[in-house]
Amino acid sequence: MSVDHDLGTKRPASTPVDYRRTFGWPVHWQNGTLNFVIGAGIGAVAVPRARAEQVLENLARQGCRGPALSVPTKHGSVVIFLVEADILGSDAEFLPRDVRVLTAGTSIPMPGTHGPADLARWIVPPDPQQRWLPSLTAVLAAIRSAGRYR
């Protein structure tokens, strides 16, 4: 059985990008919203919106900027950086308190799927011509570097 059938939800007729076919991303439909699920070598890091601009600049300088989306939360907007999970989370203990490495199984609503994720927006949209993700190591280094300017 499909996730759609199990949850009693109906998949919208079309989405802007077929994330599974184009990028190989683990996505599923739940309650009419397409969600990205962390795991299988793909990770994510949530950074408060106020800190994210400097992180994006640092990643661009390093030549490893990848997909990033803004997602509203109960505690304010965060920017989620999608990453290749190249290291274990032990490196996360040296991050600022307001930054989180998301754990396997975490669902992230995808932008533009006409559901509860309507408030999620791509800041750096995925590029079908450049399908790689930056490494978790590179993103964590960019976050640490951004923390030094404060």
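- Within an unreviewed UniProt entry, the label attached to the protein reads DNA primase/polymerase bifunctional N-terminal domain-containing protein, and the organism entered is Amycolatopsis tucumanensis.

1. Examining the sheet that holds strand S8 (residues 121–124)
Moving on, step 1. Across the sheet, five strands lie side by side as S6-S3-S5-S4-S8; this open sheet has antiparallel pairing. With partners counted over all chains shown, the strands left at the sheet margins are strand S6 (100–101) and S8, one partner each.

2. Quick word on helix H3 (residues 49–62)
For an α-helix, the turn length of 3.6 residues means that residues three or four places apart are oriented alike.
Moving on, step 1. In this model H3 runs 20 Å from its N-terminal to its C-terminal C-alpha over 14 residues, within 8% of the 20 Å that 1.5 Å per residue would give.
Moving on, step 2. Listing the buried residues of H3 in full gives Arg 51, Ala 52, Val 55, Leu 56, Asn 58 and Leu 59. When H3 is viewed along its axis, its buried side chains cluster within an angular range of 165° and face the same direction. Opposite its buried face, H3 presents the exposed residues Ala 50, Glu 53 and Arg 61, each directed more than 90 degrees away.
Moving on, step 3. With its phi angle positive at about 75°, Gly 63 sits one or two positions after the end of H3.

3. Observations concerning the pattern of salt bridges
Moving on, step 1. What the rule picks out here adds up to two salt bridges.
Moving on, step 2. A salt bridge links Arg 21 to Asp 18; the shortest N-O distance between them is 3.5 Å.
Moving on, step 3. According to the relative accessible area criterion, Asp 18 is partly exposed, its value standing at 29%.
Moving on, step 4. Linking Arg 51 and Asp 98 is a salt bridge whose minimum nitrogen-to-oxygen distance equals 3.1 Å.

Definitions and cut-offs
- Residues numbered from 1 in each chain as written.
- Predicted model: local features only at pLDDT ≥ 70, side-chain atom pairs only at ≥ 80, totals over all residues.
- Heavy atoms only, no water.
- Pairing = 2+ DSSP bridges.
- Helix = DSSP H or I, 4+ residues; strand = E, 2+ residues; numbered from the N terminus.
- Expected span 1.5 Å × (residues − 1).
- Buried < 20%, exposed > 50% of the residue type's maximum accessible area, 1.4 Å probe, protein only.
- Arc of directions from axis to C-beta.
- Salt bridge = Lys/Arg side-chain N within 4 Å of Asp/Glu carboxyl O.

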